[in-house]
Amino acid sequence: MLEETITVLAAAGGTAVVQAAGTDAWTSFRQAVASWFGRGDAGREQDVLERLVRTDTALAATSDTNGTERLRQEALWQGRFEARFEAMDEADRQAALADLRTLLSTLTISPGVVVGPVAGAGGVAVTGGIHAKDQAIAAGVFHGEVHHTVNPPPPAPTQG
């Protein structure tokens, strides 16, 4: 269970980094992420700040319409979060899990932007809203808005 929690939170962290980059929330979120990684180590915090700046620059420079760079950056940051958890002893890991949950829950980019969706064997965890379209089903425990829009099929041609 702990490994699943780490995987889910690491993935949510990677997604949140990418979604926050280039937004009004970026400066404060970037600093909070660096502090989370640093955990009191100023050198580590500075290293993470530099990596976050490179991520922001890479995302801003891309004209990647299919999202490959965004996915790449999400995966890189997920790996960094997971590696950081692995380097911790059990007590630090538990505190870091709680701290990351808090950090992710405070990220607000703008209304309608979903932050931190994570898909796993048990379903999808989302911080923010869910907007389903075209015959999709959204079900589960919700702490926020759920919008489900069904586009009906076009009417059958008249027979004559």
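Being a predicted model, the structure only gives us computed values, none of them experimental. (Residues numbered from 1 in each chain as written. Predicted model: local features only at pLDDT ≥ 70, side-chain atom pairs only at ≥ 80, totals over all residues. Heavy atoms only, no water.)

1. Some remarks on the packing of aromatic side chains
One pass over the structure, following the stated rule, counts six aromatic pairs. Judged by centre distance (5.2 Å) and plane angle (50 degrees), the rings of Trp36 and Phe81 are tilted. Taken together, the positions of Trp36 in helix 2 (residues 26-38) and Phe81 in helix 4 (residues 68-86) put the pair 45 residues apart, joining distant regions of the chain. Residue class for Trp36 comes out buried when judged on its relative accessible area of 4%. Taking relative accessible area as the criterion, Phe81 reaches 1% and is therefore assigned buried. One aromatic cluster is present, formed by Trp36, Phe37, Trp77, Phe81 and Phe85 through successive ring pairs. Lying across the ring of Trp77, Arg80 places its NZ or CZ 4.5 Å from the centre. (Phe/Tyr/Trp six-rings, centres within 6.5 Å; stacked < 30°, edge-to-face > 60°. Helix = DSSP H or I, 4+ residues; strand = E, 2+ residues; numbered from the N terminus. Buried < 20%, exposed > 50% of the residue type's maximum accessible area, 1.4 Å probe, protein only. Lys NZ or Arg CZ within 6 Å of the ring centre and 35° of its normal.)

2. Here we look at the environment of Leu107
Tracing the chain through its elements places Leu107 in the loop between helix 5 (90-106) and strand 1 (115-120). Sequence separation between Leu107 and Ala20 is 87 residues, and the spatial gap between their C-alpha atoms is 8.1 Å.

3. A look at the pattern of salt bridges
Tallying each qualifying case throughout the model produces four salt bridges. Between Arg51 and Asp47 there is a salt bridge whose closest N-O contact spans 3.2 Å. Linking Arg51 with Asp47, this pair stays in helix 3 (residues 42-61), spanning four residues, or about one helical turn. Using a relative accessible area of 29% as the deciding quantity, one classes Arg51 as partly exposed. According to the relative accessible area criterion, Asp47 is partly exposed, its value standing at 33%. (Salt bridge = Lys/Arg side-chain N within 4 Å of Asp/Glu carboxyl O.)

4. Comments concerning the nonpolar core
Grouped together as the largest cluster of nonpolar side chains are 30 residues, with contacts concentrated most on Phe29, Val33, Trp36 and Phe81. Residue assignment for this core shows that the elements contributing at least two residues are helix 1 (2-20), helix 2, helix 3, helix 4 and helix 5. Here this core gets eight residues from one element, more than from any other, and that element is helix 1. Here Val33 is in contact with Val17, Val48, Leu52, Phe81 and Leu103, once residues within four sequence places are set aside. (Core = buried A, V, L, I, M, F, W, Y, C linked by side-chain atoms within 4.5 Å. Contact = heavy atoms within 4.5 Å.)

5. Quick notes on the confidence of the model for the chain
Residues of the chain with pLDDT of at least 70 account for 68%, and the chain-wide mean is 79. Note that pLDDT drops below 50 for residues 111-124; the model gives that stretch 27 contacts with residues more than four away or on any other chain. Of the regions scoring below 50 in pLDDT, residues 127-143 engages in 25 contacts with residues more than four places distant in sequence or in other chains. (pLDDT = per-residue confidence, 0-100.)

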